[in-house]
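So you can see what is in the structure, the chains are spelled out below.
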Amino acid sequence: MLFGAWVEAQVREGEGVEAPGTPEQLAVEQVAAKKQPISVHFNVRVDWENHLTDLGDSVGYESAFSGKYINFMLNGNISDKFSYHFRYRFNKITSFGEFFNAVDWAYLDYDINPNWRVSAGKQMVYIGGFEYDYAPIDVYFWSGANENIPCYALGVSGQYTTNDGRNTFVAQITNSPFSTPSFSNGSPKPIPTFNLYAYNLAWYGNYGVYRSIWSVNMMNYAKGKFVNYIALGNRFNIGSVLAVELDYVNRYYLGQGSFFGDFSLIGNLIINIKNRANIFVKGGFDYNDTGNDDVLVGPGAWPYAWPYGGSIVAPKSGYIGAGAEFFPLKNSKDIRLHAYWTTNNRADNFKSHTVAVGFTWLLRAFQRN
């Protein structure tokens, strides 16, 4: 309540200025004093995790309480045409110089008309797939592909929504995700970030029983070199009880390897129980045969960054897991309790199991419609 009152005071500051005398000045003052929608939210997730790691000749156990996410979200309208969106993750910042890296997004929308919108700023890179599209705070365990790629970058985009609202098409140009400093992995050499871009086309479809998040992407991993994504995200809704998400992501390094030599398959089955609980089973498989040195090596080609040589995924790796969510407040998802188990085999003779329980809560600090 105190924080909300402080925000209200800041928003209202200056609104009580005496109106000027001329009609023109009065009109300008009335526009400036118009109260636009604004919302300020905080989102927090805390888990207790227990890890068992099997290295073949030894087994290790680790457990601890873990602060997973602290998000600050600010959304609002500047005018009937302009709106802004901001999300900051407090737990991502490591130094003041990396402040902007902890900003997931900070962008401005301009609605040309009900069908057309343009956006500019730091925003999500439009890559298809439902796992990729979830907010990180809502994902309990990842595929190797989506765990290893940053998904926010500075750029511009334009989107068109059909009159029936069922289809949205997006065209976007951003800095390449592979130019993100978080991919440096502590390399002593600076990673070049100039002249690396991503060109993205995406389709969001909503036909009730079927939803889609498809994309085609061309992204520089080095100057003049591209990786091509074809990402096909599909969700099938069977009434309000059952949902099945199936993602296929194909990666092709132009001129390197076979077209189907690097891909990920991800499946997620979700059972909804009276909007108070979810039970889910999720699994996936990552594959690449690009080799260890023949794709992303050489000056400016990320030889220091990639965990698995020429791909963001291990040569053959899989994972599976299951869990449950419970919402204790009726007709509200502001508090969520969760528990899950997952296991994976992502490298030679390396296996791990994770069991975790935790909770997520949303604080609606301030809201004005």
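Residue numbers run consecutively from 1 along every chain, following the written order of its sequence. Given that this is a predicted model, residues contribute local features only at a pLDDT of at least 70 and side-chain atom pairs are listed and counted only at 80 or more, while totals for whole chains, interfaces and linings are drawn from all residues. The side-chain numbers reported here are obtained from all heavy atoms of the structure, hydrogens and water having been left aside.

A. Representation of the overall build of the protein. Scanning the protein from N- to C-terminus turns up 4 helices and 16 strands. Using a 1.4 Å probe on the protein chains alone, a residue whose accessible area is under 20% of its type maximum counts as buried, one over 50% counts as exposed, and one in between counts as partly exposed. Here the protein holds 369 residues, and 42% of them are scored as buried. Intrachain contacts of the protein at a sequence separation of at least 6 include 56% that bridge at least 24 residues. Counting every atom, the protein has about 19500 Å² of accessible surface; 62% of that belongs to carbon and sulfur. In DSSP terms, a helix is any run of H or I states spanning at least four residues, a strand is any run of E spanning at least two, and both are numbered starting from the N terminus. Contacts between residues were defined by any pair of non-hydrogen atoms, one from each residue, lying within 4.5 Å. What sets the accessible areas is the Shrake-Rupley method with a 1.4 Å probe; for residues, cover comes only from the shown protein chains.

B. Layout of unusual backbone geometry. Residues other than glycine seldom take positive phi values, yet Asn-275 does so here, at roughly 60°. Of note, Asn-275 is situated in the loop between strand S12 (262-273) and strand S13 (277-288). For Asn-331, which is not glycine, the phi dihedral falls at a positive 60°. Judged by its relative accessible area of 77%, Asn-331 is exposed.

C. Local environment of the nonpolar core. The criterion is simple. A nonpolar core is a set of buried Ala, Val, Leu, Ile, Met, Phe, Trp, Tyr and Cys residues joined through side-chain atoms within 4.5 Å. Counting 24 residues, the largest nonpolar core has Ile-127, Phe-178, Met-219, Val-227, Tyr-229 and Ile-312 as its most contacted members. For this core, the elements supplying multiple residues, two or more each, are strand S6 (152-161), strand S8 (197-206), strand S9 (210-222), strand S10 (225-238) and strand S11 (242-253). In this structure, Met-219 is in contact with Ile-127, Ser-176, Pro-177, Phe-178, Tyr-197, Ala-198, Asn-200, Lys-225, Phe-226, Val-227 and Tyr-229, ignoring residues within four places of it in sequence.

D. Summary view of the layout of surface pockets. Roughly 430 Å³ of internal volume is contained in the second largest pocket. A pocket here means an open set of points on a 1 Å grid, computed over the protein atoms alone, that has protein on both sides within 12 Å along at least five of seven lines. A cavity is instead a set of points where a 1.4 Å probe fits but cannot get out; residues with an atom within 4 Å of a point line either one. Lining the second largest pocket are 20 residues, with Lys-68, Tyr-140, Phe-141, Trp-142 and Glu-147 positioned closest to its centre. Contributing elements (two or more residues each) for the lining of the second largest pocket: strand S1 (38-54), strand S2 (59-77), strand S15 (335-347) and strand S16 (350-368). Here the element with the most residues in the lining of the second largest pocket is S15; it accounts for 5 residues. When residues are sorted by character, Ala, Val, Leu, Ile, Met, Phe, Trp, Tyr, Cys and Pro go into the nonpolar class, Asp, Glu, Lys and Arg into the charged class, and all the rest, Gly among them, into the polar class. Each residue belonging to the lining of the second largest pocket can be placed in one class, and the counts come to 8 nonpolar, 7 polar and 5 charged. Grid points are joined across faces, edges and corners, and a volume is the space filled by probe spheres set on the points.

E. Main features of the packing of aromatic side chains. Aromatic rings from Phe, Tyr and Trp, taking only the six-membered ring of Trp, are treated as a pair when their centres fall within 6.5 Å; an angle between ring planes under 30 degrees marks them as stacked, one over 60 as edge-to-face, and anything in between as tilted. Under the criterion given, the structure shown has 22 aromatic pairs. Each ring, one from Phe-259 and one from Phe-260, has its centre 5.0 Å from the other, and the planes form 85°; the classification is edge-to-face. Using a relative accessible area of 34% as the deciding quantity, one classes Phe-259 as partly exposed. Relative accessible area serves as the criterion here: at 56%, Phe-260 is assigned to the exposed category. Geometrically, the ring pair formed by Phe-263 and Phe-285 is tilted, given 6.4 Å between the ring centres and 55° between the ring planes. Residue Phe-263 is found in strand S12, and its partner Phe-285 is found in strand S13; the two are separated by 22 residues along the sequence.

F. Region of interest: empty space enclosed by the protein. The tally for this structure, following the rule as stated, stands at 2 cavities of 30 Å³ or more. Roughly 50 Å³ of internal volume is contained in the largest cavity. Taken together, Ile-127, Tyr-132, Ser-143, Ala-145, Asn-146, Ile-149, Tyr-229, Val-249, Arg-251, Ser-264, Ile-266 and Ile-312 form the lining of the largest cavity. For the lining of the largest cavity, the elements supplying multiple residues, two or more each, are helix H4 (144-147), S11 and S12. A volume near 30 Å³ is recorded for the second largest cavity. Its residues assigned to classes, the lining of the second largest cavity shows 4 nonpolar, 3 polar and 1 charged.

G. Representation of the side chain of Thr-342. Within the fold, Thr-342 resides in strand S15. Taking relative accessible area as the criterion, Thr-342 reaches 8% and is therefore assigned buried. In terms of polar contacts, Thr-342 uses its side chain to reach the backbone carbonyl oxygen of Ile-320, at 3.1 Å. Residue contacts for Thr-342: discarding those within four places in its chain leaves Phe-141, Tyr-319, Ile-320, Gly-321, Ser-352, His-353 and Thr-354. Here a polar contact is recorded for every N or O atom pair within 3.5 Å, except that within protein the pair must consist of a potential hydrogen donor and a potential acceptor, and residues adjacent in sequence are included only if both atoms are side-chain atoms.

H. Fine view of the pattern of salt bridges. Between Lys or Arg on one side and Asp or Glu on the other, a salt bridge is scored when a side-chain nitrogen of the former is within 4 Å of a carboxyl oxygen of the latter. Counted by the stated rule, this structure contains 12 salt bridges. Between Arg-89 and Asp-104 there is a salt bridge, and its shortest N-O distance comes to 2.9 Å. Here Arg-89, found in strand S3 (residues 82-89), pairs with Asp-104, found in strand S4 (residues 103-111); they are 15 residues apart in sequence, far enough to count as distant. Salt-bridge contacts for Arg-117 lead to Asp-111; the nearest nitrogen and oxygen are separated by 2.5 Å.

I. Looking closely at the environment of Val-281. Looking at where Val-281 falls in the secondary structure, it is placed in strand S13. Classification of Val-281 by relative accessible area gives partly exposed; the value is 42%. For the pair Val-281 and Ala-322, spaced 41 residues apart in the sequence, the C-alpha separation amounts to 4.3 Å. If we skip the residues at most four places from it in the chain, Val-281 touches Gly-267, Asn-268, Leu-269, Gly-321 and Ala-322.

J. View of the environment of Leu-337. In this fold, Leu-337 is placed in strand S15. Measuring from C-alpha to C-alpha, the distance between Leu-337 and Glu-325 comes to 5.6 Å, with 12 residues separating the pair along the chain. What Leu-337 contacts, discounting residues up to four positions off in sequence, is Ala-324, Glu-325, Phe-326, Gly-358 and Phe-359.

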